[in-house]
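Breakdown of the fold
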Amino acid sequence: MGGTVAAVSSNEAYAFTKPNRESITLLAGLGVEGDVHAGVTVRHRFRMRKDPSQPNLRQVHLIHAELFDEVRGAGFEVAAGELGENVTTRGIDLLGLPTGTLLHLGDEAVVEVTGLRNPCAQIDTFRKGLMKQVVGPGADRRARVRAGIMSVVVTGGVVRPGDPVEAELPDGPHLPLEIV
């Protein structure tokens, strides 16, 4: 089960979007080198206010480019990095992966999937009405969150657009992704 890296993005300042880069460097146990969300403990401003000692389960944010294709069909133009993700993928079902999946990015980097991104109101500030496109009812009529997944860096390395993405599933039983 694999795909490719479509884009990589990072930002050293707190901002909703992240500029695309030629490459990013993942640092084991920290996240994306130079990115504001890198760190052992939580770096998300809202979560830091609640408890700054929490472990950072959101070191690397990944989104599938197919989401951008879907929302474009609903009239929303969204490009890689604009929803704050670090890695945009294509060809791999990120949302269908179980918790604990290892994603091999490029030649060296490995991240462990920790859960779903908790979409925030900034999505609607970015594009009014977009939140309903990324959070909506699934086939079972329960809320389905599609704003990407979060991970921690297990093995560091450089990641570039065009790099392969390979999923290594954990031993079963597989646990579905929950919001982290």
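Residues numbered from 1 in each chain as written. Predicted model: local features only at pLDDT ≥ 70, side-chain atom pairs only at ≥ 80, totals over all residues. Heavy atoms only, no water.

Describing unusual backbone geometry
Here is the rule: Secondary structure counts use DSSP, requiring at least four H or I residues in a row for a helix and at least two E residues in a row for a strand, with both numbered from the N terminus.
Cis geometry is adopted by the peptide bond preceding P173, which originates at G172 and carries an omega value of 0°. With respect to the helices, strands and loops of the structure, P173 is situated in the segment after β13 (164-168).

Quick notes on the environment of V110
Defined as follows: The cut-offs for exposure are 20% and 50% of the maximum accessible area for each residue type, with area from a 1.4 Å probe on protein chains only; residues under the lower value are buried, those over the upper are exposed, and the others partly exposed. Throughout, a contact is declared for two residues whenever any of their heavy atoms are within 4.5 Å.
Tracing the backbone through its elements, the reader meets V110 in strand β8 (residues 109-116). For V110, a relative accessible area of 8% gives the class buried. Leaving out residues up to four positions away in the same chain, V110 has contacts with L102, L103, H104, V152, V153, V154 and T155.

Re the environment of I123
Looking at the secondary structure, you find I123 in helix α3 (residues 122-126). By relative accessible area, I123 is classed as buried at 0%. With 72 residues separating them in the primary sequence, I123 and D51 have C-alpha atoms 24 Å apart.

Let's talk about the pairing of strand β7 (residues 102-105)
In plain terms, the rule: The pairing criterion for strands is at least two bridges between them, as found by DSSP.
The two faces of β7 differ: L103 and L105 on one face are buried, but L102 and H104 on the other face are not. Sheet topology note: the β7/β8 ladder contains four bridges and is antiparallel. Within β8, the position partnered with H104 by the bridge is V110. Adjacent in sequence and paired antiparallel, β7 and β8 are bridged by three residues, among which G106 carries a positive phi angle near 70°.

Observations regarding the side chain of K18
This is how the line gets drawn: Any pair of N or O atoms that falls within 3.5 Å is considered a polar contact. Within protein, one atom must be able to donate a hydrogen and the other to accept it, and sequence-neighbouring residues count only if both atoms are side-chain atoms.
Topologically, K18 is positioned in the loop between β1 (2-9) and β2 (20-21). Only 2.8 Å separates the side chain of K18 from the side chain of D35, close enough to count as a polar contact. A distance of 3.2 Å separates polar atoms of two side chains, one belonging to K18 and the other to H37.

A closer look at the sheet that holds strand β4 (residues 31-32)
One open sheet accounts for three strands, arranged β4-β3-β12; its pairing is antiparallel. This sheet does not close on itself; its edge strands, each paired only once, are β4 and β12 (157-159).

Digging into the pattern of salt bridges
Keep this limit in mind: One side-chain nitrogen of Lys or Arg within 4 Å of one carboxyl oxygen of Asp or Glu is enough to make a salt bridge.
One pass over the full model with this rule turns up seven salt bridges. Salt-bridge contacts for R72 lead to E77; the nearest nitrogen and oxygen are separated by 3.4 Å. Here the residues in one salt-bridge network are D69, R72, E77 and R90, joined through shared partners.

As for the packing of aromatic side chains
Convention followed: Stacked, edge-to-face and tilted are the three classes for Phe, Tyr and Trp ring pairs, Trp counted by its six-membered ring, which pair at centre distances within 6.5 Å; planes under 30 degrees apart are stacked, over 60 edge-to-face, the rest tilted.
Inspection of every chain in the model, using the stated rule, returns one aromatic pair. Measuring from ring centre to ring centre gives 5.7 Å for F16 and F126, while their planes differ by 40°; the resulting arrangement is tilted. Note that F16 is positioned in the loop between β1 and β2 and F126 in helix α3, a separation of 110 residues in sequence. By the burial criterion, F16 is buried, and F126 matches it.

Here we look at the nonpolar core
In plain terms, the rule: To define a nonpolar core, start from buried Ala, Val, Leu, Ile, Met, Phe, Trp, Tyr and Cys residues and group those joined through side-chain atoms within 4.5 Å.
Formed by 25 residues in total, the largest nonpolar core has its most connected members in L26, V60, L103, L105, I149 and V159. Setting aside chain neighbours within four positions, we find L103 in contact with L62, I92, L94, L97, A109, V110, V111, V113, I149, V165, E166 and A167. Grouped together as the second largest cluster of nonpolar side chains are 16 residues, A7, I63, F76 and V78 included.

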